[in-house]
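Coordinate analysis (summary)
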Amino acid sequence: MTSENPANDDLRQRQKDARAEIDKLDANSTHSEPERKAFFNTVYQMAEGDAVRVPWADLQAKEKLLDWLKGHNGSGLTALDVACGLGDNAEAMAAAGYQTTGFDVAEDAIPWAKKRFPESPVSYVHADLFKLPSSWYGSFDLVHECYTLQALSPQLLPKTTEAIASLVKPGGTLLVYTRIAPETLQQSGPPWPLNKAQAEAFSNHGFELIAEDQFTIERPDRRIPHGFYEWKKNI
Ligand SMILES: C[S@@+](CC[C@H](N)C(=O)[O-])C[C@H]1O[C@@H](n2cnc3c(N)ncnc32)[C@H](O)[C@@H]1O
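One structure accompanies this document, and this report is about it. (Residues numbered from 1 in each chain as written. Predicted model: local features only at pLDDT ≥ 70, side-chain atom pairs only at ≥ 80, totals over all residues. Heavy atoms only, no water.)

It is worth spelling out the pairing of strand E3 (residues 123–126) at this point. Relative to E3, strand E2 (residues 99–104) runs parallel, the two being bridged by four bridges. When the bridges of E3 are listed, threonine 101 appears paired with serine 123. One crossover worth recording links E2 to the parallel E3 by way of helix H5 (residues 109–116), and it is right-handed. (Pairing = 2+ DSSP bridges. Helix = DSSP H or I, 4+ residues; strand = E, 2+ residues; numbered from the N terminus. Right-handed = clockwise from strand over helix to strand, strands pointing away.)

On to the sheet that holds strand E6 (residues 207–219), then. Across the sheet, which stays open at both edges, the seven strands sit in the order E3-E2-E1-E4-E5-E7-E6 with mixed pairing between neighbours. Each edge of the open sheet is held by one strand with a lone partner, namely E3 and E6. Here the average twist between neighbouring strands, direction ignored, is 15°. The strands that helix H4 (residues 88–95) touches are strand E1 (78–82), E2, E3 and strand E4 (140–146); relative to E1, the one it contacts most, it runs at about 170°. (Axes fitted to C-alpha atoms, helices over the stretch in contact; angles between N-to-C directions. Contact = heavy atoms within 4.5 Å.)

Viewed as axis vectors pointing N to C, helix H3 (residues 63–70) and H4 meet at an angle of 10°, and their least axial separation amounts to 10 Å. Relative to H4, the element H3 lies roughly parallel. Only Asn89, Ala92 and Met93 of H4 make contact with H3, whose side of the interface consists of Leu65, Leu66 and Leu69. Of the residues in the contact of H3 with H4, the class split is five nonpolar, one polar and no charged. (Parallel < 35°, antiparallel > 145°, perpendicular 65-115°, else oblique. Nonpolar A, V, L, I, M, F, W, Y, C, P; charged D, E, K, R; others polar.)

Grouped together as the largest cluster of nonpolar side chains are 33 residues, with contacts concentrated most on Leu129, Val143, Leu174 and Phe202. For this core, the secondary-structure elements that each account for two or more residues are helix H2 (33–47), E1, E4, helix H6 (157–165), strand E5 (168–179) and strand E7 (222–233). Counting residues per element, this core draws most heavily on H6, at four residues. For leucine 174, the contacting residues outside a window of four places in its chain are Val143, Ile164, Val168, Phe202, Phe207, Tyr229, Glu230 and Trp231. (Core = buried A, V, L, I, M, F, W, Y, C linked by side-chain atoms within 4.5 Å. Buried < 20%, exposed > 50% of the residue type's maximum accessible area, 1.4 Å probe, protein only.)

On to the site of the ligand. The environment of the ligand is formed by 18 residues, the closest being Tyr44, Ala83, Asp104, Leu129 and Cys146. Contact distances for the ligand include 2.7 Å between a nitrogen atom and a backbone N or O atom of alanine 83. Note that a nitrogen atom of the ligand is positioned 3.2 Å from one of the backbone N or O atoms of valine 105. Mapped by element, the contributors of at least two residues to the shell around the ligand are H2 and E2. By residue class, the composition of the shell around the ligand is 14 nonpolar, two polar and two charged. (Near = heavy atom within 4 Å. Polar contact = N/O pair within 3.5 Å; in protein donor to acceptor, adjacent residues only side chain to side chain.)

Glancing now at the pattern of salt bridges. This model, assessed by the stated rule, comprises 16 salt bridges. In this structure, arginine 36 engages aspartate 26 in a salt bridge whose closest nitrogen and oxygen atoms are separated by 3.1 Å. Taken together, the positions of arginine 36 in helix H2 and aspartate 26 in the loop between helix H1 (6–25) and H2 put the pair 10 residues apart, joining distant regions of the chain. There is no split in this pair, since arginine 36 and aspartate 26 are both buried. In this structure, aspartate 58 and lysine 62 form a salt bridge, with 2.9 Å as the shortest nitrogen-oxygen distance. By relative accessible area, which is 8% here, lysine 62 ends up buried. (Salt bridge = Lys/Arg side-chain N within 4 Å of Asp/Glu carboxyl O.)

To continue, consider the packing of aromatic side chains. Counted according to the given criterion, the structure contains 11 aromatic pairs. Plain terms: the ring middles of tyrosine 44 and tryptophan 56 are 5.8 Å apart, the flat faces sit at 75° to each other, and that makes the pair edge-to-face. In this pair, tyrosine 44 sits in helix H2 while tryptophan 56 sits in the loop between H2 and H3, placing the two residues 12 residues apart along the sequence. Note on phenylalanine 202 and phenylalanine 207: the rings are 5.9 Å apart at their centroids and 75° apart in plane angle, and the pair reads as edge-to-face. Comparing phenylalanine 202 with phenylalanine 207 shows no difference in burial state: the two are buried. An aromatic cluster is built from Phe39, Phe40, Tyr44, Trp56 and Trp112, whose rings are joined through pairwise contacts. In this structure, lysine 64 packs its charged tip against the face of phenylalanine 215, placed 4.5 Å from the ring centre. Residue placement shows lysine 159 over the ring face of phenylalanine 130; its charged tip is 4.7 Å from the ring centre. (Phe/Tyr/Trp six-rings, centres within 6.5 Å; stacked < 30°, edge-to-face > 60°. Lys NZ or Arg CZ within 6 Å of the ring centre and 35° of its normal.)

Okay, structure coming up:
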């Protein structure tokens, strides 16, 4: 199946080619925490400013986030975009009125995001999810993560989930955008789509599930199941 916009198909093909090149980078990796960090650093470095060579970079905010933000004005509230990459989702949160911070462990992603949005009110920070400033814990009204949980290996997932959960203020909101997979799927990432138990693990960290939207993204050669989750942290 092709999309209605041939330019999108061309972009997808170029992203696919880049993905094949990138897959070779970590072909023999055990996907440990340091290896994942090195992998992401290398992807942004190798791209040399060409976003097509960053396969997850759509250069636009996710529609699900934009739709959610339409009903949630952020005036007077803080937001954090976890692993913000090139910044599009963080920009959307700032445009909705949130005082927004975006951080990423990849050194080259942060100056790239700043260069793309020179007038941005977003505070872009080079930081590691597992070593964040202590003042960030429990301090954001809205925390958003897109494709981070699935980008770190299943053995890192409990730690990743806990780290993301810890950033939300009591009473605050967490939004998660991720690929999902049936329980029975043999996981052979990266990426590692989340199964039901993994996607719902925030309920073990004091969160209540407010909304769950399962949907499929269509690509010319495949259909990719996704989930968009809204969680509220208990007070
Ligand atoms: C698949 S990309 C998604 C990027 C962005 N959220 C988006 O949707 O375009 C995963 C991102 O996680 C970042 N990342 C990986 N490990 C991280 C860590 N420990 N701390 C912060 N960012 C990390 C990578 O550098 C990369 O930008």
